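Residues per chain are reported as follows:
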Amino acid sequence: MAEARRIVVTGATGSIGQRLVPELQRRGFRVRALVRSVERAARVLPPQVELFAWEPGREELPPAEAFAQVWGVCNLAGAPISRRWTPAVKAQIVASRVELTRRLVRALQQWGQTVQVLVSTSAVGYYGDCGEELCREERPPGKDFLAKVCQEWEAAAQEAAPRVRVVCLRLGVVLDPRAGALAQLLPVMRSFLGGTLGSGQQWFPWVHWADVVAAFAWALETPTASGAYNVAAPGIVRFREFCRELARLLGRPCWLRVPVWALRLRYGELADALVASQRAEPFRLRAEGFQFAYARLEEALGELLGTKFVRASSQSAG
Ligand SMILES: NC(=O)c1ccc[n+]([C@@H]2O[C@H](COP(=O)([O-])OP(=O)(O)OC[C@H]3O[C@@H](n4cnc5c(N)ncnc54)[C@H](OP(=O)(O)O)[C@@H]3O)[C@@H](O)[C@H]2O)c1
C-alpha cells in the first residue's frame, strides 16, 4: 500500500486550522504542524499530528526536518486582525503573513524537494471596498491596508511557483459559532442588542467553515487548481440581510445601527474594513467544479445554530 501523503500546516491551532486538520486526516493525509507553542498545540490538535516548533518572530526558517518527504503545504498562519490597528499591530499583521510566507517558501526551496502543492490563505479584503461592483478573481487589488497585505501575501506564496503548484484562497468571512465574526455576533444578538454596522447596505461575503475546509482539500487534491480563488458562498447577501436572518433564527430583534463614526472611535482604521463592501463571487471555484455544501445563508445559519431550517423567502442562491 502507498504511504500516506504528508501535509505541513501553519496556523493549525487557529479556528480554521482546528477544523481543517481532522478533515485532512480523515482524507488519509498525515499532518505535520509548524507551531509557535508545542505545548498549546498538543492540547488543541489530534494526537497523531506531528508538531514542530517554529517561532517566526525569532527564527529565520522553520526546521528542515519538518519538510522531509512532504507532499503538500497549507499556510494559514496570521496574527488576529480584529483589534485596533496601532502601528505595532499593523506591523504584526504584515509580518505574520507576508514575512512568514516568504520564509516558509524559502524553506520549501531549500528542503522541500518533494513538495508539489502549496495552498496559501488570502482574503477577499484583497479587493478593498468595491461598493456594488462584482469581485471576481481577475479584478485588480484595492489600495487600502488589507488589500496591500493580501497582495503581498499572495505574491510571497507565488514565489514557490512554478516548481510547486500554488493556490491562494481568498477567504470571505468564515462563519463558525466557535470563533470569529459569528461567535462575536451571537451574544450581542442574544442580548437583544442586534443590529447592523454602518448602513448595512454593504455586501457581506460569508462562507460556512465546512466549505472553507472543503475548498482547502479541493485545492490540494485537484491537480489543475492553480492561482487565486474566491472562497465566499454563492448566496452572498448584504450585511443588513445577514443580521436579519441571524436575528430571525435566534428569535431576537435586529434593530440597532452602529454608525461608522462610532466604529472609528472604537476601532480606528479597522472600522472602514468592518463596513467595506465586497461582492465576492466564487467564480473560479464553481467554474472548475467545486460544489458548496452551504450555498444559501438560511441553510448555513440553520446548520451552524442547530436550528431547523425554515425557508423565509424565495431568494435565489445565485
Ligand atoms: N476566519 C476568517 O473569517 C478569515 C477570513 C479571511 C482570511 N482569514 C485568514 O485565514 C487564516 C486562518 O484564519 P483563522 O481564523 O483560523 O485565524 P486564527 O484563529 O487567528 O489562527 C491563526 C493562527 O496563526 C498563528 N499566529 C497567530 N499570531 C501569529 C503571529 N504573530 N505570528 C505567527 N503566527 C501567528 C497561530 O498559530 P500558532 O499559535 O500555532 O503558531 C494561530 O493559531 C488567517 O491568516 C486569517 O487572516 C480568516
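Everything that follows concerns the structure shown earlier in this document.
On a predicted model such as this, the values are computed, not experimentally measured, just so you know. Position numbers for residues start from 1 in each chain and track the written sequence from start to end. Confidence filtering applies because this is a predicted model: local features only for residues at pLDDT of at least 70, side-chain atom pairs given and counted only at 80 or more, and all residues used for totals across whole chains, interfaces and linings. As a convention, hydrogens and water are excluded, and side-chain values are obtained from all of the structure's heavy atoms.

Once that is clear, we can look at the environment of L51. Under the scheme used here, helices are H or I runs from DSSP no shorter than 4 residues and strands are E runs no shorter than 2 residues, and both carry numbers assigned from the N terminus. Among the secondary structure elements, L51 is positioned in strand β3 (residues 50-53). For the pair L51 and A33, spaced 18 residues apart in sequence, the C-alpha separation works out to 5.1 Å. In what follows, residue pairs with any heavy atoms lying within 4.5 Å of each other are defined as contacts. For L51, the contacting residues outside a window of four places in its chain are A33, V38, A41, A42 and L45.

For the rest of this paragraph, the subject is the environment of A53. Inspection of the secondary structure puts A53 in strand β3. The spatial distance from the C-alpha of A53 to the C-alpha of R36 is 5.6 Å, given a sequence separation of 17 residues. Those residues in contact with A53 that sit more than four places away from it in its chain are V35, V38 and P63.

Let us look at the environment of T121. The residue T121 is located in strand β5 (residues 117-123) in this model. With near-sequence residues (within four places) excluded, T121 lies in contact with N75, L76, W153, L169, L171 and F216. Pairs of N or O atoms within 3.5 Å make up the polar contacts considered here, provided that, within protein, one atom can donate a hydrogen while the other can accept it, and that residues adjacent in sequence are counted only when both atoms are side-chain atoms. One polar contact links the side chain of T121 to the main-chain carbonyl oxygen of N75, over a distance of 2.5 Å.

Pairing of aromatic rings covers Phe, Tyr and Trp, the last counted by its six-membered ring, and requires centre-to-centre distances within 6.5 Å; plane angles under 30 degrees mean stacked, over 60 mean edge-to-face, and any other angle means tilted. This model, assessed by the stated rule, comprises nine aromatic pairs. Taken together, the ring pairs in this structure connect W218, Y229, F290 and F292 into an aromatic cluster. Lysine NZ or arginine CZ positioned within 6 Å of the ring centre and within 35 degrees of the ring normal marks a charge as sitting over the ring. Over the face of the ring belonging to W153 we find R97, whose NZ or CZ atom lies 5.2 Å from the ring centre.

Before going further, it helps to examine helix α6 (residues 209-221). Multiply 1.5 Å by the residue count of a helix minus one, and that product is the helix's expected span. An ideal rise of 1.5 Å per residue puts 18 Å on 13 residues; α6 measures up with 19 Å between its terminal C-alpha atoms. For each residue, the accessible area found with a 1.4 Å probe, counting protein chains only, is set against the maximum for its type, and the residue is called buried under 20%, exposed over 50%, and partly exposed in between. Taken as a whole, α6 has its buried residues at D211, V212, V213, A215, F216, A217, W218, A219 and L220.

In terms of burial, strand β2 (residues 30-35) is largely enclosed, as five of its six residues are buried. Bridge analysis of strand β1 (residues 6-10) against β2 gives five bridges, and the strand direction is parallel. In the strand pairing of β2, R6 is matched with R30. For the crossover from β1 across helix α1 (residues 15-26) to β2, the handedness is right-handed. In short, DSSP must find at least two bridges between two strands for them to pair. Note: β2 against β3, four bridges, orientation parallel. In the strand pairing of β3, R32 is matched with E50. With helix α2 (residues 38-44) bridging β2 and the parallel β3, this β-α-β connection has right-handed handedness. We call a crossover right-handed when, viewed with both strands directed away from the observer, the connection leading from the first strand over the helix to the second proceeds clockwise.

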